[in-house]
Amino acid sequence: MKDNQPASNIVSPTLILAGKQDSDCILIQKCKLLAVSGPFQGQEFVMDRDYFSIGNDPHSDLVIEDSTISRRHCEIQLISEGYVIRDLESTNGTFVQGVKIKEAFLDEGTEFQIGKTRLVFCPMQESLEWTLSRNEFFGSMLGKSTSTRRVFHLAETYSPTDANILIEGETGTGKEILAEEIHKHSLRKNKPFIVIDCAALAKDLIQSELFGHTKGAFTGANTERIGAFEHANGGTVFLDEIGELATELQPKLLRVIEKRQIKRVGSNQIRDIDVRIICATNRKLEGEVNDGRFREDLFYRLSVVRMELPPLRQRKEDIGMLAMRFIENLHGKDMMDRIVDWDNTIEAFNQHDWPGNVRELRNLMELASFKKTGPVDLSTFLYMGRAKTANKDSLTKFSADRPFKEAKNELISEFETKYIKELLKKNDGNISPAARNAGIERAYLQRLIKKHD
């Protein structure tokens, strides 16, 4: 287990005890932490919620006053596969079994250390009920996996409320779709749903986008403008990539949440507003808080309810129903009659890591539209783009004397190996810029590196 190794590469412990007969919840073994060194040596701490935070921040679930521990140092999250510990970009790191990690599964007796404190993860005889939705859909969203139905349950529970919601998840998991469905299932459904992408707006314009401006407030302000919060009055504002919000605007957003009032740029007039705020991010905001890039008080106000959309590689039970829905929506139900060997196609899809998540799956289904006639083998579309980049020599060495699947897998493996070597060489072995330049998630690149040794 190496630094920054994702938990998805580690076999998870068996902590799911049983499902209830009505299938709307599962029983999960309750767990506790035993301190074996540090200021709380000998004490036990029971984890009784989905998220359990540890740090020297007074708001943490376990507060440890230690200068070597960050304010929000690490968290333990209950997911469908078990308990995962994540380092929150702490200054001195989190160590599991003596190895510095980014995230890892916790099993019975697993020891981890933060600062001067060592803790042991201990399952208990008691169990927790983890409620799931009875439905395999939430509006336009589909999924039958445990992790997806857990998100649906939270969405069904909190949509009718006015609670601020923070949606976390990788790029392409459907955070904006979930936010819009929450709005549609709320009491504000007949009012506006306004989307603001904090990462796409110029820093000198975002204040005007959010709060509006008066005529002549700045160069180019030739007319008066209503901002997103005013426009959404009575409805919902969705702030996408909230982690990108400029630090100078964060206190202004905090005041909007607390006072329910805004002032347009260039005006002293206070305007009352009534909006619900839903935010999304593909990063852990706790790490941004630790580094001083995101206000702690704003984080708490935005994350009254937290929902984490799992990546597609962790919810592969959903792939078949999602693929079928995309095919029918894009090409009509008759298209399914042209699909060759659906079961083998889904098996091939299940072996793919889906770095682009649900968005990548949908794009692949859209590719099928280019084949206007005849049978369609969707599995061939999976690696079409990559195969085109392989050089001619590597393609010609495969003959039809071998099984198709065997030859295809070897070609893919050779392409991945050559591509990764060249990618790392061009980026001096630095994984973060390599992943950005390749347009893939850092964790996915790390899995490919490990896969090909």
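Scanning the protein chain from terminus to terminus reveals 16 helices and 21 strands. Expressed as a percentage of its 453 residues, the buried residues of the protein chain come to 50%. Contacts in the protein chain between residues at least 24 apart in sequence constitute 63% of all its contacts with a sequence separation of at least 6. Summing over all exposed atoms, the protein chain offers an accessible surface of approximately 22,000 Å²; the carbon and sulfur share of this is 47%.

So, on to the packing of aromatic side chains. We describe a pair of aromatic rings using the distance from one ring centre to the other and the angle between the two ring planes. Here the structure, examined in full by the defined rule, presents seven aromatic pairs. A ring pair is formed by phenylalanine 40 and phenylalanine 45, whose centres lie 5.5 Å apart and whose planes are at 75°; its orientation type is edge-to-face. The exposure class assigned to phenylalanine 40 is partly exposed, which follows from its relative accessible area of 22%. Looking at phenylalanine 45, the relative accessible area reads 16%, which means it is buried. Sitting over the face of the ring of tyrosine 51, arginine 306 holds its NZ or CZ atom 4.1 Å from the ring centroid.

Inspection of every chain in the model, using the stated rule, returns 33 salt bridges. Measuring nitrogen to oxygen at the nearest pair gives 3.4 Å for the salt bridge that ties aspartate 57 to arginine 71. Pair noted here: aspartate 57 is in the loop between β4 (51–55) and β5 (62–63) and arginine 71 is in the loop between β5 and β6 (74–79), with a separation of 14 residues, a long-range link. Linking glutamate 286 and arginine 72 is a salt bridge whose minimum nitrogen-to-oxygen distance equals 3.8 Å. Of this pair, glutamate 286 sits in helix α6 (residues 285–290) while arginine 72 sits in the loop between β5 and β6, and the two are 214 residues apart along the sequence. Each member of the pair, glutamate 286 as well as arginine 72, carries the same accessibility label: buried. Salt bridges sharing common partners tie together Asp57, Arg71, Arg72, Glu75, Arg86, Glu103, Glu168, Lys284, Glu286, Glu296, Arg306 and Glu308.

A few words on the side chain of serine 208. Its location among the elements puts serine 208 in helix α3 (residues 206–211). Filtering out sequence-adjacent residues up to four positions away, serine 208 remains in contact with His213, Phe218, Arg225, Gly227 and Val265.

One broad rule of soluble globular proteins: the nonpolar side chains tend to lie buried together. Counting residues in hydrophobic clusters, the biggest one holds 30 residues, and the most contacted among them are Phe229, Leu239, Ile242, Leu253 and Ile277. Listing elements by their share of this core, those giving two or more residues are β16 (193–197), α3, α4 (228–231), β17 (236–240), α5 (250–259), β20 (276–281), α6 and α7 (296–302). No other element matches α5, which puts four residues into this core. Beyond its immediate stretch of four places on either side in the chain, leucine 253 contacts Phe211, Phe229, Leu239, Ile242, Leu245, Ile277 and Leu298. Ranked by size, the runner-up nonpolar core spans 28 residues in total, among them Cys74, Phe112, Ile114 and Leu119.

Attention now goes to the sheet that holds β4. With mixed pairing, five strands are arranged side by side in an open sheet as β5-β4-β6-β7-β10. Looking along the sheet, the strands with just one partner apiece sit at the ends: β5 and β10 (103–105). The pairing of β6 with strand β7 (residues 82–87) spans six bridges and is classified as antiparallel. Bridge assignment links glutamate 75 to a residue of β7, and that residue is arginine 86.

Turning our attention to the sheet that holds β16. Here we have five strands laid out as an open sheet, ordered β16-β17-β20-β15-β21, and parallel in their pairing. Edge positions in the sheet fall to β16 and β21 (305–308), since each of these pairs with one other strand and no more. The sheet shows a mean angle of 20° between the axes of neighbouring strands, taken without regard to direction. Pairing geometry for β17 and β20, over four bridges, is parallel. Its bridge partner lying in β20, phenylalanine 238 is registered against isoleucine 278.

Cut-offs applied
- Residues numbered from 1 in each chain as written.
- Predicted model: local features only at pLDDT ≥ 70, side-chain atom pairs only at ≥ 80, totals over all residues.
- Heavy atoms only, no water.
- Helix = DSSP H or I, 4+ residues; strand = E, 2+ residues; numbered from the N terminus.
- Buried < 20%, exposed > 50% of the residue type's maximum accessible area, 1.4 Å probe, protein only.
- Contact = heavy atoms within 4.5 Å.
- Areas by Shrake-Rupley, 256 points an atom, 1.4 Å probe, with all protein chains shown as cover.
- Phe/Tyr/Trp six-rings, centres within 6.5 Å; stacked < 30°, edge-to-face > 60°.
- Lys NZ or Arg CZ within 6 Å of the ring centre and 35° of its normal.
- Salt bridge = Lys/Arg side-chain N within 4 Å of Asp/Glu carboxyl O.
- Core = buried A, V, L, I, M, F, W, Y, C linked by side-chain atoms within 4.5 Å.
- Pairing = 2+ DSSP bridges.
- Axes fitted to C-alpha atoms, helices over the stretch in contact; angles between N-to-C directions.

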